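Here are the chains, one letter per residue:
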Amino acid sequence: MPLTTSMKELTKERLTIRASDPLKANVYLLLVNAVKQMTIDERRDEKPEDFWKAAKKMKAELEGTIEDYKKGNADTSELEAQIKILQPFLPEQMSPEAMEEAVKKVLAELPEDQRVLKNIMPKLKAIEGFDMKEAKNLVEKLTAK
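Small disclaimer: the values here were computed from a predicted structure and weren't measured.

Undergrad: What am I meant to see in unusual backbone geometry here?
TA: In terms of backbone geometry, most residues other than glycine have negative phi values and most peptide bonds are trans. Residue Arg 43 is not a glycine yet carries a positive backbone phi of 50°. Assignment of secondary structure puts Arg 43 in the loop between α2 (22-41) and α3 (48-71). The exposure class of Arg 43 is exposed, given its relative accessible area of 77%. In this model, Asn 73 sits at a positive phi of 55°, which is unusual for a non-glycine residue. With respect to the secondary-structure elements, Asn 73 resides in the loop between α3 and α4 (77-86).

Undergrad: Whenever I open this one, helix α1 (residues 7-17) confuses me. Can you help?
TA: For an α-helix, 3.6 residues make a turn, and residues three or four places apart therefore share a direction. When we look at burial in α1, the residues that qualify are Met 7, Leu 10, Arg 14 and Ile 17. Here the buried residues of α1 occupy an arc of 100° about the axis, which is enough to place them on one side. Relative to its buried face, α1 has exposed residues pointing more than 90 degrees away, namely Lys 8, Lys 12 and Thr 16. On its buried face, α1 sits against α2 and α3.

The rules behind the values
Residues numbered from 1 in each chain as written. Predicted model: local features only at pLDDT ≥ 70, side-chain atom pairs only at ≥ 80, totals over all residues. Heavy atoms only, no water. Helix = DSSP H or I, 4+ residues; strand = E, 2+ residues; numbered from the N terminus. Buried < 20%, exposed > 50% of the residue type's maximum accessible area, 1.4 Å probe, protein only. Arc of directions from axis to C-beta. Contact = heavy atoms within 4.5 Å.

Structure, rendered in C-alpha coordinates:
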(Lines give C-alpha, C1' and ligand atoms only; values in the text may rest on other atoms or scores of the structure.)
Protein backbone atom coordinates (compact mmCIF):
# COMPACT_ATOMS: atom_id res chain seq x y z
CA MET A 1 0.00 0.00 0.00
CA PRO A 2 1.46 3.38 -0.93
CA LEU A 3 1.93 6.15 1.57
CA THR A 4 -0.86 8.13 -0.10
CA THR A 5 -4.12 6.79 1.28
CA SER A 6 -6.53 9.68 1.06
CA MET A 7 -8.37 11.24 -1.84
CA LYS A 8 -7.04 14.65 -0.88
CA GLU A 9 -3.38 13.51 -0.88
CA LEU A 10 -3.76 11.59 -4.12
CA THR A 11 -5.45 14.55 -5.81
CA LYS A 12 -2.63 16.82 -4.64
CA GLU A 13 -0.04 14.40 -6.04
CA ARG A 14 -2.00 14.10 -9.29
CA LEU A 15 -1.98 17.87 -9.77
CA THR A 16 1.76 17.93 -9.15
CA ILE A 17 2.57 15.29 -11.78
CA ARG A 18 -0.06 15.99 -14.44
CA ALA A 19 2.36 17.83 -16.73
CA SER A 20 5.31 15.47 -16.27
CA ASP A 21 3.39 12.16 -16.21
CA PRO A 22 -0.11 12.55 -17.71
CA LEU A 23 -0.81 8.79 -17.79
CA LYS A 24 -0.09 8.39 -14.08
CA ALA A 25 -2.11 11.53 -13.31
CA ASN A 26 -5.05 10.08 -15.26
CA VAL A 27 -4.89 6.76 -13.40
CA TYR A 28 -4.83 8.65 -10.09
CA LEU A 29 -7.87 10.65 -11.20
CA LEU A 30 -9.75 7.44 -12.06
CA LEU A 31 -8.76 5.91 -8.72
CA VAL A 32 -9.89 8.96 -6.74
CA ASN A 33 -13.18 9.04 -8.65
CA ALA A 34 -13.78 5.33 -7.97
CA VAL A 35 -13.15 5.79 -4.24
CA LYS A 36 -15.31 8.93 -4.18
CA GLN A 37 -18.16 7.04 -5.86
CA MET A 38 -17.78 4.19 -3.38
CA THR A 39 -18.10 6.58 -0.42
CA ILE A 40 -21.10 8.33 -1.98
CA ASP A 41 -22.88 5.05 -2.77
CA GLU A 42 -22.30 3.75 0.76
CA ARG A 43 -22.84 7.17 2.40
CA ARG A 44 -19.69 7.10 4.51
CA ASP A 45 -16.20 8.54 4.82
CA GLU A 46 -13.31 7.03 2.88
CA LYS A 47 -11.27 4.20 4.37
CA PRO A 48 -7.72 3.17 3.41
CA GLU A 49 -8.97 -0.19 2.10
CA ASP A 50 -11.21 1.65 -0.39
CA PHE A 51 -8.09 2.32 -2.46
CA TRP A 52 -7.13 -1.34 -2.79
CA LYS A 53 -10.73 -2.33 -3.51
CA ALA A 54 -11.00 0.31 -6.25
CA ALA A 55 -7.54 -0.53 -7.65
CA LYS A 56 -8.39 -4.24 -7.68
CA LYS A 57 -11.59 -3.56 -9.61
CA MET A 58 -9.81 -1.24 -12.05
CA LYS A 59 -7.08 -3.85 -12.62
CA ALA A 60 -9.66 -6.53 -13.39
CA GLU A 61 -11.38 -4.21 -15.89
CA LEU A 62 -8.06 -3.33 -17.52
CA GLU A 63 -7.11 -7.01 -17.79
CA GLY A 64 -10.43 -7.72 -19.52
CA THR A 65 -9.83 -4.87 -21.95
CA ILE A 66 -6.29 -6.09 -22.64
CA GLU A 67 -7.68 -9.54 -23.47
CA ASP A 68 -10.15 -7.98 -25.92
CA TYR A 69 -7.43 -5.81 -27.49
CA LYS A 70 -5.16 -8.83 -27.97
CA LYS A 71 -7.93 -10.66 -29.82
CA GLY A 72 -7.96 -7.79 -32.28
CA ASN A 73 -4.15 -7.52 -32.35
CA ALA A 74 -4.33 -3.99 -30.92
CA ASP A 75 -1.59 -2.27 -28.91
CA THR A 76 -2.00 -2.92 -25.15
CA SER A 77 1.10 -1.13 -23.89
CA GLU A 78 -0.77 1.85 -22.42
CA LEU A 79 -3.23 -0.41 -20.59
CA GLU A 80 -0.36 -2.50 -19.22
CA ALA A 81 1.34 0.70 -18.06
CA GLN A 82 -1.85 1.67 -16.21
CA ILE A 83 -1.81 -1.67 -14.38
CA LYS A 84 1.80 -1.01 -13.33
CA ILE A 85 0.75 2.39 -11.95
CA LEU A 86 -2.04 0.71 -9.95
CA GLN A 87 0.30 -1.94 -8.52
CA PRO A 88 1.29 -0.04 -5.34
CA PHE A 89 -2.39 0.36 -4.45
CA LEU A 90 -3.19 -3.34 -4.82
CA PRO A 91 -3.13 -5.66 -1.82
CA GLU A 92 -0.32 -8.15 -1.70
CA GLN A 93 -1.60 -11.50 -3.01
CA MET A 94 -1.86 -14.30 -0.47
CA SER A 95 0.07 -17.50 -1.00
CA PRO A 96 -1.94 -20.63 -1.90
CA GLU A 97 -1.25 -22.00 1.59
CA ALA A 98 -2.50 -18.81 3.27
CA MET A 99 -5.61 -18.83 1.09
CA GLU A 100 -6.33 -22.43 2.06
CA GLU A 101 -5.95 -21.52 5.74
CA ALA A 102 -8.33 -18.57 5.29
CA VAL A 103 -10.95 -20.84 3.70
CA LYS A 104 -10.57 -23.35 6.54
CA LYS A 105 -11.04 -20.55 9.09
CA VAL A 106 -14.18 -19.26 7.32
CA LEU A 107 -15.58 -22.80 7.14
CA ALA A 108 -14.89 -23.34 10.84
CA GLU A 109 -16.84 -20.18 11.71
CA LEU A 110 -19.94 -21.33 9.82
CA PRO A 111 -22.41 -23.94 11.07
CA GLU A 112 -22.34 -27.17 9.02
CA ASP A 113 -25.66 -26.43 7.26
CA GLN A 114 -24.51 -22.95 6.13
CA ARG A 115 -21.29 -24.03 4.41
CA VAL A 116 -22.41 -23.11 0.90
CA LEU A 117 -20.77 -20.81 -1.66
CA LYS A 118 -23.27 -17.95 -1.21
CA ASN A 119 -22.33 -17.73 2.51
CA ILE A 120 -18.61 -18.35 2.09
CA MET A 121 -17.70 -16.13 -0.88
CA PRO A 122 -18.59 -12.74 0.68
CA LYS A 123 -16.39 -13.56 3.68
CA LEU A 124 -13.48 -14.49 1.42
CA LYS A 125 -13.96 -11.38 -0.70
CA ALA A 126 -13.47 -9.23 2.40
CA ILE A 127 -10.00 -10.71 3.02
CA GLU A 128 -7.26 -8.46 1.67
CA GLY A 129 -5.10 -10.20 -0.92
CA PHE A 130 -7.37 -13.21 -1.41
CA ASP A 131 -7.46 -14.30 -5.07
CA MET A 132 -11.16 -14.71 -5.80
CA LYS A 133 -10.37 -16.54 -9.05
CA GLU A 134 -9.14 -19.44 -6.92
CA ALA A 135 -11.84 -19.18 -4.25
CA LYS A 136 -14.48 -21.47 -5.74
CA ASN A 137 -11.99 -24.29 -6.43
CA LEU A 138 -10.54 -24.03 -2.93
CA VAL A 139 -13.97 -24.01 -1.26
CA GLU A 140 -15.15 -27.00 -3.29
CA LYS A 141 -11.92 -28.87 -2.51
CA LEU A 142 -12.20 -28.25 1.22
CA THR A 143 -15.95 -28.86 1.56
CA ALA A 144 -15.76 -32.14 -0.36
CA LYS A 145 -13.63 -33.71 2.39
